[in-house]
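Descriptive analysis of the structure
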Amino acid sequence: SVDIDGNGRGCEGGVDMGAYESGGCAASNAMFERGDVNESGALDISDPIFLLNFLFYGGKSPGCLDAGDANDDGRLDTSDAIYCLNFKFLGGPAPKMPFPGCGTDLWLDALDCEAYSWCQ
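Only a predicted model underlies this, so the values are computations on that prediction, with no experimental measurement involved.

Section: the nonpolar core
Membership of the largest hydrophobic core is limited to six residues, which are F32, C64, A67, C113, Y116 and C119. Excluding residues that lie within four positions of it along the chain, C119 makes contacts with M31, F32, E33 and C102.

Some details on helix α3 (residues 78-90)
The first and last C-alpha atoms of α3 sit 17 Å apart over 13 residues, in line with the 18 Å expected at 1.5 Å per residue. Looking at the buried residues of α3, the elements they touch are α1 (46-57) and α2 (65-68). Downstream of α3 by a residue or two, G91 has a phi angle that is positive, lying close to 75°.

Here's the deal with the packing of aromatic side chains
Scanning the model with the defined rule gives one aromatic pair in all. Between the aromatic rings of F87 and F99, the centroid separation amounts to 5.5 Å while the plane-to-plane angle is 90°, which identifies the pairing as edge-to-face. One end of the pair, F87, is in helix α3; the other, F99, is in the segment after α3, with twelve residues separating them in the sequence. In this structure F87 comes out as partly exposed when scored by relative accessible area, which is 24%.

Here's the deal with the pattern of salt bridges
If the charged atoms of two oppositely charged side chains come close together, the side chains can form a pair. Throughout the structure, instances matching the rule amount to four salt bridges. One salt bridge connects R75 with D73, and the closest N-O pair in it is separated by 3.2 Å. The partner of R75 in a salt bridge is D77, and the shortest N-O contact between them spans 3.5 Å. Shared partners join several salt bridges into a network, and the residues in it are R34, D72 and D105.

Some thoughts on α1
In this model, α1 (twelve residues) spans 15 Å end to end at C-alpha, consistent with the 16 Å of a helix rising 1.5 Å per residue. Every buried residue of α1 is accounted for by D47, P48 and L51. Seen along its axis, α1 keeps its buried residues to an arc of 95°; they face one direction. In α1, those exposed residues whose orientation departs by more than 90 degrees from the buried face are I49, F56 and Y57. Check the buried side of α1 and you find it contacts α2 and α3. Just beyond α1, the residue with positive phi is G58, at close to 70°.

Cut-off values and rules
Residues numbered from 1 in each chain as written. Predicted model: local features only at pLDDT ≥ 70, side-chain atom pairs only at ≥ 80, totals over all residues. Heavy atoms only, no water. Core = buried A, V, L, I, M, F, W, Y, C linked by side-chain atoms within 4.5 Å. Buried < 20%, exposed > 50% of the residue type's maximum accessible area, 1.4 Å probe, protein only. Contact = heavy atoms within 4.5 Å. Helix = DSSP H or I, 4+ residues; strand = E, 2+ residues; numbered from the N terminus. Expected span 1.5 Å × (residues − 1). Phe/Tyr/Trp six-rings, centres within 6.5 Å; stacked < 30°, edge-to-face > 60°. Salt bridge = Lys/Arg side-chain N within 4 Å of Asp/Glu carboxyl O. Arc of directions from axis to C-beta.

If you want it as structure tokens, here you go:
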């Protein structure tokens, strides 16, 4: 599950059998809260709306793409909005770590977190 440096496997969703994780993904030390894509400090109905507006209507880009990846599958898509709605209104599973509260993403993927003001 980790490479020789202790970085999590799973970069770009593929299988990597080498000593070092391949795929060009880098670990980020940026602090963020998963699911809070609009950086309001709380996961609420505005977060999936913000994400869907970005994905389908050319809305503002999230400063931290990792925050929008609620299910932590390494992709930013409609499944993340559905995941948040399921959690908030139907008792579904909570977003993956870091949630609740701020933390770093230990799993390598192609998403990054350039800025997330709430955890600074």
